[in-house]
Amino acid sequence: KRAQRKLTMTQPEVLLGFDLGSDHFVGACSIGDEPPNNIRNELSQVTTPSAVCFDGRKRLLGEAAAEQPAAKAENVVVAPFTALGARRGEPVADMWLRRSVNRVMDMPDGLGVKIQYGSEDKDMSLIGISAALISVMVANAARSFGPGRKSVFAIPACFSAEQQRAVLDAASVAGLEVLGLVTTGAALAQTYGVRHKSDLSAEEERLVCLVDVGSYFSSATIVRCTPEGATILANETELVGASDLDDVLMAHFIAEAQAKHGPETCTNTKGIVRMRKQCQKLKQLLSTTAEAVVNIDNLADDCDFVMKMQRATYEADAAPIIAKIKDLVTRTIAAAGNPTLTTLELVGGGTRVPFVAAAISQAAGGLKPSTTLDSASAVALGAASLARTASGAAGWAVQDCLLPAPASPGLGADGIAAAVAAEASVAAAHETVVNQEARRNELEAFIYKTRQELEGKHAALMKKAETEALLTAEEDWLYEDNDSAEAEVLQQRLAAVQEQVAALNPEYLAKVEEDKAAEAALQKKLEEEEAARGPADKEDHDFRKMPFSDRLRMAIKNKEEGNELFKGGNVPHAAERWVKALTHCDKCFDLSPEQKTEINAVKLSCYSNLAMSFIKMEAWKKAEDNCNAALAIAPTNVKALFRRAQCRDKQKDFDAAVKDLKVASELNPGDQDIEKLLTAVLKKQSAAKAAQKKTYSKMFGGS
């Protein structure tokens, strides 16, 4: 594949382009004469959330940070690029401060945040936080395309000299050489021109109005495009965007919630974060329907809060925001000399709101909007293309679009060196914690697995009492104030307990090895049979109409095949059969109550089995999703509750795991597996709360 090309001495230089968005940041790569490619993150996504979370001394970046629960919001820094280099009193800083739930502080290089870092507070610069995010994208690019250091960054046109310098400093801390900064409008113009240059005849001159409504910023750019290149006639930016539309809903529903549930509602960090997420969801729904409803569970005093809004009401409340966007477009056209526009191109998430798109069209003289560019990646692709131009390559390009070097001195050489050292220290601490957690998880997994074996196949060959005593002692050590045990210590204890268990149970281990050999032989046979059937048998080309009884029979057949494969140790192929059984179930329509009961029984079994298979593969989130699907069919299914508790335990959601296990215990009193897991999770929950209490005591001056 092109993205995985083998590096050689003659390979063209890898050039990078970045769009430092408020909600998400995006990277692209340009190599030689080929069109730029998106840089994908570890989840193969083009966009990565602009978020960093500090969890103890562990640092989560991008997707992992954005997925953190609202309870950790004060330690999650979002939209750091937006306020880079800004200071209190400046419009962009005040906007960011109004939406931030962090403990914001003033630092020599602009705004920073005070983070709970382990058991202490630590001052973090937005430059250092931004550099960490940029470094992740650079690493992703190196993994897919090869190492690259030269880059171009696209920024809002309204960035001050101090903000521009802060972007350059963050890039330097990340190890990049910046060829230049361009406005987001110039980057969009580059992407538009490269995409449409073949549409232009030799004599044609196209006047394009590009309007981008992002999260914090909106820009309007008037571009003259010809087959040879483009010239920017006007480029304006306004500090208004999709987040302002969220704020309209926030103000409406916070007032409504406080009137209904009291003035303290939504005044804490958790409530604000949850409310904003639901407002964003409501905004998306109102883009497709005239009225929408969303719920927030347990917003106040165990009371659910219903958020209901009509699009007409929303549009009326958002009128001041719409007026700003219209004014931006109008004045940009005027700055370009009021030319007769030929094309109106819309990008950015805000333009998906129907009344926003309509207002922009009206401001542009009624031009029908087009959306030929990908909103997520267009800016980054343009920046990567302009990096190629900035490096001296010929080709279609927007002329004279590199911004002059900012006059602000920024960090300077010594400051950048200090920031690089600080970043290296945080990265090293993160790796230490990750290694500790991995070793701790291995020890926990061994204890859990061995306990399962004490009740499982060939358990009669084991010395139960001695083995259980050994596991209990190790578990007690693990959960009694040993959270800070080093990875090496944990690894040594795992090796020791494994050796002791093996010494106690030699006959059992011999039998296990014998079973493994038999399973390996069976799996080889099944793989040979699967290969003989060919790939066509795996694909779902079954569009036949058939009686319910036949479809049910096929679903049951696939379910039972999956069960047999699982018993033989062939977990992936078993999962395929269960998924195929579910596919047959989904092709049953207009069911009678009796038929629905039969189908649900098959689906319940398949979802439960899929959860079990994902647990074996340690894919905890996928396993939990399948447990949720099973419980949607049968809320009192003990097996699904127990398995979901296992998943939540592994994801350190101890409160939710305890809740599931208590329900399961009430439904099936005396179940030893449930009681053992509940005891273990309660210990972890207690240890986690004690650690949290100790941390807060130190934070607020306790002894």
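Conventions and cut-offs
Residues numbered from 1 in each chain as written. Predicted model: local features only at pLDDT ≥ 70, side-chain atom pairs only at ≥ 80, totals over all residues. Heavy atoms only, no water. Helix = DSSP H or I, 4+ residues; strand = E, 2+ residues; numbered from the N terminus. Rg over C-alpha atoms; globule rule 2.2 N^0.38 Å. Buried < 20%, exposed > 50% of the residue type's maximum accessible area, 1.4 Å probe, protein only. Contact = heavy atoms within 4.5 Å. Areas by Shrake-Rupley, 256 points an atom, 1.4 Å probe, with all protein chains shown as cover. Lys, Arg positive; Asp, Glu negative; His and termini not counted. Charge placed at Lys NZ, Arg CZ, Asp CG, Glu CD. pLDDT = per-residue confidence, 0-100. Pairing = 2+ DSSP bridges. Axes fitted to C-alpha atoms, helices over the stretch in contact; angles between N-to-C directions.

1. A short note on the overall build of the protein chain
- Counting its regular elements, the protein chain contains 22 helices and 19 strands.
- In summary, the protein chain has a C-alpha radius of gyration of 29 Å against a globular reference of 27 Å for 703 residues, a match within 12%.
- Counting only C-alpha atoms, the protein chain reaches 90 × 70 × 70 Å along its principal axes.
- Residue burial in the protein chain is summarised as follows: out of 703 residues, 49% are buried.
- Long-range pairs, those at least 24 residues apart, make up 66% of the contacts in the protein chain between residues at least 6 apart in sequence.
- Total accessible area on the protein chain is roughly 33,400 Å²; 52% of this is exposed by carbon and sulfur atoms.
- In the protein chain, the 83 positive side-chain charges and the 96 negative ones have mean positions that sit 2 Å from each other.

2. Details of the confidence of the model for the protein chain
- In the predicted model, the protein chain carries a mean pLDDT of 88, and 92% of its residues have values of at least 70.
- In the predicted structure, residues 1-9 sits below a pLDDT of 50 and forms 13 contacts with residues beyond four places in sequence or in another chain.
- Every residue in residues 536-541 scores below 50 in pLDDT, and together they form seven contacts with partners more than four places removed in sequence or on other chains.

3. Here we look at the sheet that holds strand β10 (residues 120-125)
- One open sheet holds the three strands; their spatial order is β8-β9-β10, and the pairing between them is antiparallel. On the outer flanks of this sheet lie β8 (103-107) and β10, each paired with one strand and no other. On average, adjacent strands in this sheet sit at an angle of 40° to one another, irrespective of strand direction.
- The sheet contact formed by strand β9 (residues 110-117) and β10 spans six bridges and is antiparallel. Across the sheet, the residue bridging to K114 is D123, located in β10.
- On the sheet, helix α3 (residues 126-145) packs against β9 and β10 and is oriented at approximately 75° with respect to β10.

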